[in-house]
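Chain by chain, the residues:
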Amino acid sequence: MSKLTLGSYPHMLGFEQLERLLERSAKSGNEGYPPYNIEQTSDHSYRITLAVAGFAEVDLAITVEDRQLVIRGRQGDDSDGRVFLHRGIAARQFQRMFVLADGVEVGEAVMENGLLHVDLTRARPETVVQTINIKKG
């Protein structure tokens, strides 16, 4: 069985980047930590909320790398001199990636009650009509 690609459709020109984005999104993993929500807050804005209880603002990093929103968390080891009889709260690092479409910009990030909120906005596309003149050969 052959792999179906967007290049298989001759009337869809210039969509190679979309295909690469879909492949990159599939490779980003389906790990479940930390849990997150994505909500649409208006017609042109979104909010990603991650449950990051136990992380301080200095333990988190938010970057945009090659049209990917990358959120990383790394806690320092604070168990010096402490003896745990049971340790059920994991202090593990994480990395969450979200592929951003062209025109989506990352706004502010707010930490509130153990939740990290990252706001995104999408620029409204302009409708462009262009007339192409036909020259005589």
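Description of the structure in this document. (Residues numbered from 1 in each chain as written. Predicted model: local features only at pLDDT ≥ 70, side-chain atom pairs only at ≥ 80, totals over all residues. Heavy atoms only, no water.)

**Concerning the sheet that holds strand S4 (residues 68–73)**
Judged by pairing direction, the sheet is antiparallel, and its three strands sit side by side in the order S3-S4-S5 without closing on themselves. What marks the edges here is a single partner per strand, and that holds for strand S3 (60–65) and strand S5 (94–99). In this sheet, neighbouring strand axes are inclined to one another by 15 degrees on average, regardless of whether the strands run parallel or antiparallel. One ladder, built from six bridges, connects S3 with S4; its direction is antiparallel. (Pairing = 2+ DSSP bridges. Helix = DSSP H or I, 4+ residues; strand = E, 2+ residues; numbered from the N terminus. Axes fitted to C-alpha atoms, helices over the stretch in contact; angles between N-to-C directions.)

**Notes on the packing of aromatic side chains**
Scanning all chains against the criterion turns up three aromatic pairs. Aromatic side chains Tyr33 and Phe94 sit 6.1 Å apart centroid to centroid with 90 degrees between the ring planes, which places their arrangement in the edge-to-face category. With a gap of 61 residues between them, Tyr33 in the loop between helix H1 (16–27) and strand S1 (36–42) and Phe94 in strand S5 connect regions that are remote in the sequence. Look at Tyr33 and you get partly exposed, because its relative accessible area is 22%. With a centroid separation of 5.3 Å and 85 degrees between ring planes, the pair formed by Phe55 and Phe94 is classed as edge-to-face. A residue pair is termed long-range when its members are at least 10 positions apart, and Phe55 in the loop between strand S2 (45–51) and S3 and Phe94 in strand S5 qualify at 39 residues. Of the two residues, Phe55 and Phe94, both sit in the buried class. Taken together, the ring pairs in this structure connect Tyr33, Phe55 and Phe94 into an aromatic cluster. The ring centre of Phe84 lies 4.4 Å from the NZ or CZ of Arg87, which sits over that ring. Above the face of the Tyr33 ring, Arg92 is positioned so that its terminal group lies 3.9 Å from the ring centre. (Phe/Tyr/Trp six-rings, centres within 6.5 Å; stacked < 30°, edge-to-face > 60°. Buried < 20%, exposed > 50% of the residue type's maximum accessible area, 1.4 Å probe, protein only. Lys NZ or Arg CZ within 6 Å of the ring centre and 35° of its normal.)

**A short note on the environment of Glu65**
Secondary-structure assignment places Glu65 in strand S3. Residue class for Glu65 comes out partly exposed when judged on its relative accessible area of 36%. Separated by 32 residues in sequence, Glu65 and Met97 place their C-alpha atoms 9.7 Å apart. The residues contacting Glu65, other than those within four sequence positions of it, are Val70 and Arg72. Reaching out from Glu65, the side chain makes a polar contact with the side chain of Thr63 at a distance of 3.0 Å. At a separation of 3.2 Å, a polar atom in the side chain of Glu65 contacts the side chain of Arg72. (Contact = heavy atoms within 4.5 Å. Polar contact = N/O pair within 3.5 Å; in protein donor to acceptor, adjacent residues only side chain to side chain.)

**Some thoughts on the sheet that holds strand S6 (residues 104–112)**
Read across the sheet, four strands follow the order S1-S2-S7-S6 without closing on themselves; strand pairing throughout is antiparallel. At either margin of the open sheet sits one strand with a lone partner, and together these are S1 and S6. On average, adjacent strands in this sheet sit at an angle of 20 degrees to one another, irrespective of strand direction. Direction of pairing for S2 relative to strand S7 (residues 115–122): antiparallel, over a ladder of seven bridges. For Tyr46, the partnering residue across the bridge sits in S7 and is Leu120.

**Some remarks on the nonpolar core**
By size, the foremost hydrophobic cluster in this structure holds 14 residues, and its most contacted members are Val52, Leu69, Ile71, Phe94 and Leu120. The leading source of residues in this core is S7, at three residues. Contact partners of Val52, with chain neighbours within four places excluded, come to Pro34, Leu60, Phe94, Met111, Gly114, Leu115 and Leu116. (Core = buried A, V, L, I, M, F, W, Y, C linked by side-chain atoms within 4.5 Å.)

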